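# Descriptive analysis of the structure
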Amino acid sequence: MRGVGADARRPLPGGGRRVPPHLGRSASAAARRPRDAAGGRRVKEPLWGRLHNRERAEARVLHPHKGPPPLPGLKPRVIADIAVGGALGALARYGLTQAIPAAKLGFPWNTFTVNILGCLVMGVLTSYLLGGRAHPYVRPLAVTGYLGGFTTFSHLIDGVYTLGDGGRPSLAIAYALVSVAVGWAAIAVGLAVGRRIPHHDPGSAP
């Protein structure tokens, strides 16, 4: 009498194999899962992995040479873009913080607004640059330069310390937690928005 194993090894008319009954639905579901060309499961590459690949692709333009591309380096054009972007971002932050009043021992709405806006724009730019063929100098100018000068982690920590030292520890803790939580949410929203922005293909008709 043939056992279950022998029956499972007998090929089906279409070339497949029978699923042993003792494996149940799990084996059948696993057999139906889509797999890539190498036979493994389809796994979507993480966002930051794609960002790293994008930076290395940009490095090929910044440093054309044969062999494996290096990490993005500091060419004079890159340094100039970062400097210009950082100066513009710092000026924008100064203007926005001056336009939003904040009491010394009150909630720092000016710094909070700056950092949340920076997180939102960071998410949009990151997702958008991953989906298109942006110029390699866009990231140093807009992300590293402008957003680096616009957002301010040091002022966030200074605000937390000032509130705690001024006798308002509860507000200091709330400010820190809300800044992290809302900043994370702003990044997530920005990533979703950036994925929905259409990219213009230079080779397509306008």
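Residues numbered from 1 in each chain as written. Predicted model: local features only at pLDDT ≥ 70, side-chain atom pairs only at ≥ 80, totals over all residues. Heavy atoms only, no water.

Inclusion rule: UniProt positions are given in the numbering used here, feature names are shortened, and annotations may be inferred rather than shown by experiment.
The protein chain is annotated in an unreviewed UniProt entry as Fluoride-specific ion channel FluC of Actinomadura geliboluensis. Under the UniProt heading Subcellular location (unreviewed entry), the note attached to the protein chain is "Cell membrane". Database annotation for the protein chain, UniProt heading Sequence similarities (unreviewed entry): "Belongs to the fluoride channel Fluc/FEX (TC 1.A.43) family."

## Thoughts on the UniProt feature "transmembrane region" (unreviewed entry) in the protein chain
This is how it is decided: Per the convention used, a helix needs a DSSP run of H or I reaching at least four residues, while a strand needs a run of E reaching at least two, with both numbered from the N terminus.
Annotation from UniProt places "transmembrane region" (unreviewed entry) at residues 108-130, 137-157 and 172-193. Its end C-alpha atoms 33 Å apart, residues 108-130 is made of 96% helix and 0% strand. For residues 137-157, the end-to-end C-alpha separation is 31 Å, with 86% helix and 0% strand making up the annotated structure.

## Focus: the packing of helix α4 (residues 76-99) against helix α6 (residues 138-150)
Put simply, the rule is: Under this scheme, a helix contributes an axis fitted over its contacting stretch, all axes are lines through C-alpha atoms, and angles between N-to-C directions fall in the 0 to 180 degree range. Take the far helix as the reference: if the near one is turned anticlockwise from it by less than a right angle, the crossing is left-handed, and if turned clockwise, right-handed. Whether two residues are in contact is decided by their heavy atoms: any pair within 4.5 Å suffices. Following the grouping adopted for this structure description, the nonpolar residues are Ala, Val, Leu, Ile, Met, Phe, Trp, Tyr, Cys and Pro, the charged ones are Asp, Glu, Lys and Arg, and the polar ones are all others, Gly among them.
Their axes nearest at 6 Å, the elements α4 and α6 cross at an angle of 35°. For the element pair α4 and α6, the recorded crossing hand is right-handed. Residues Val 78, Asp 81, Ile 82, Val 84, Gly 85, Gly 86, Leu 88, Gly 89, Ala 90, Ala 92, Arg 93 and Leu 96 of α4 lie in contact with α6, whose contacting residues are Pro 140, Leu 141, Thr 144, Gly 145, Tyr 146, Gly 149 and Phe 150. When grouped by side-chain class, the residues that make up the contact of α4 with α6 number 11 nonpolar, six polar and two charged.

## Thoughts on the nonpolar core
Keep this limit in mind: Buried Ala, Val, Leu, Ile, Met, Phe, Trp, Tyr and Cys residues form a nonpolar core when they are joined through side-chain atoms within 4.5 Å. Exposure is judged per residue with a 1.4 Å probe applied to protein chains only, and the accessible area is read against the type maximum: over 50% gives exposed, under 20% gives buried, and values in between give partly exposed.
Membership of the largest hydrophobic core is limited to nine residues, which are Phe 107, Phe 112, Ile 116, Leu 156, Leu 163, Leu 171, Ala 172, Tyr 175 and Ala 186. Of all elements in the fold, only α5 (109-131), α7 (153-165) and α8 (169-195) reach the threshold of two or more residues within this core. Not counting residues up to four positions away in its chain, the partners in contact with Leu 171 are Leu 105, Gly 106, Phe 107 and Leu 163.

## Quick notes on a nonpolar patch on the surface
Note the following rule: Grouping into patches uses exposed residues only, defined as over 30% relative accessible area, and leaves out salt-bridged ones; the cut-off is 9 Å for like charges and 5 Å for nonpolar side chains (Val, Leu, Ile, Met, Phe, Trp, Tyr). Here, Shrake-Rupley sampling with a 1.4 Å probe gives the accessible areas, and only protein chains in the shown set may cover a residue. Salt bridge, as used here: a side-chain nitrogen of Lys or Arg that lies within 4 Å of a carboxyl oxygen of Asp or Glu.
On the surface, Leu 117, Leu 120, Val 121, Val 189, Val 193 and Ile 197 cluster together to form a nonpolar patch covering roughly 410 Å² of accessible area. By residue number, the principal contributor to the nonpolar patch is α5, which donates three residues. On the secondary structure map, Leu 117 appears in helix α5.

## Quick look at the side chain of Asn 115
Relative to the helices and strands, Asn 115 resides in helix α5. Given the relative accessible area of 14%, Asn 115 is considered buried. Apart from the residues within four sequence positions on either side, Asn 115 is in contact with Thr 151, Thr 152 and Leu 156.

## Structural notes on α4
Rules: Residue count minus one, scaled by 1.5 Å, sets the expected span of a helix.
Compared with an ideal rise of 1.5 Å per residue, which puts 24 residues at 34 Å, α4 spans 35 Å between its outermost C-alpha atoms and is within 8% of the ideal. Where α4 is concerned, the buried positions are Val 78, Asp 81, Gly 85, Gly 86, Gly 89 and Thr 97.

## A few points about the UniProt feature "binding site: Na(+)" (unreviewed entry) in the protein chain
Using the following cut-off: Between N or O atoms, a polar contact is any pair within 3.5 Å; within protein, one atom must be a potential hydrogen donor and the other a potential acceptor, and residues adjacent in sequence are included only when both atoms are from side chains.
Annotation from UniProt places "binding site: Na(+)" (unreviewed entry) at Gly 148 and Thr 151. When you line up the elements, Gly 148 lands in helix α6. Residue Gly 148 is classed as partly exposed on the basis of its relative accessible area of 47%. Here Thr 151 falls in the partly exposed class, since its relative accessible area comes to 27%. The residues touching Thr 151, leaving out its near neighbours within four places in the chain, are Arg 93, Val 114, Asn 115 and Gly 118. A polar contact of 2.8 Å, which involves the side chain of Thr 151, links it to the backbone oxygen of Leu 147.

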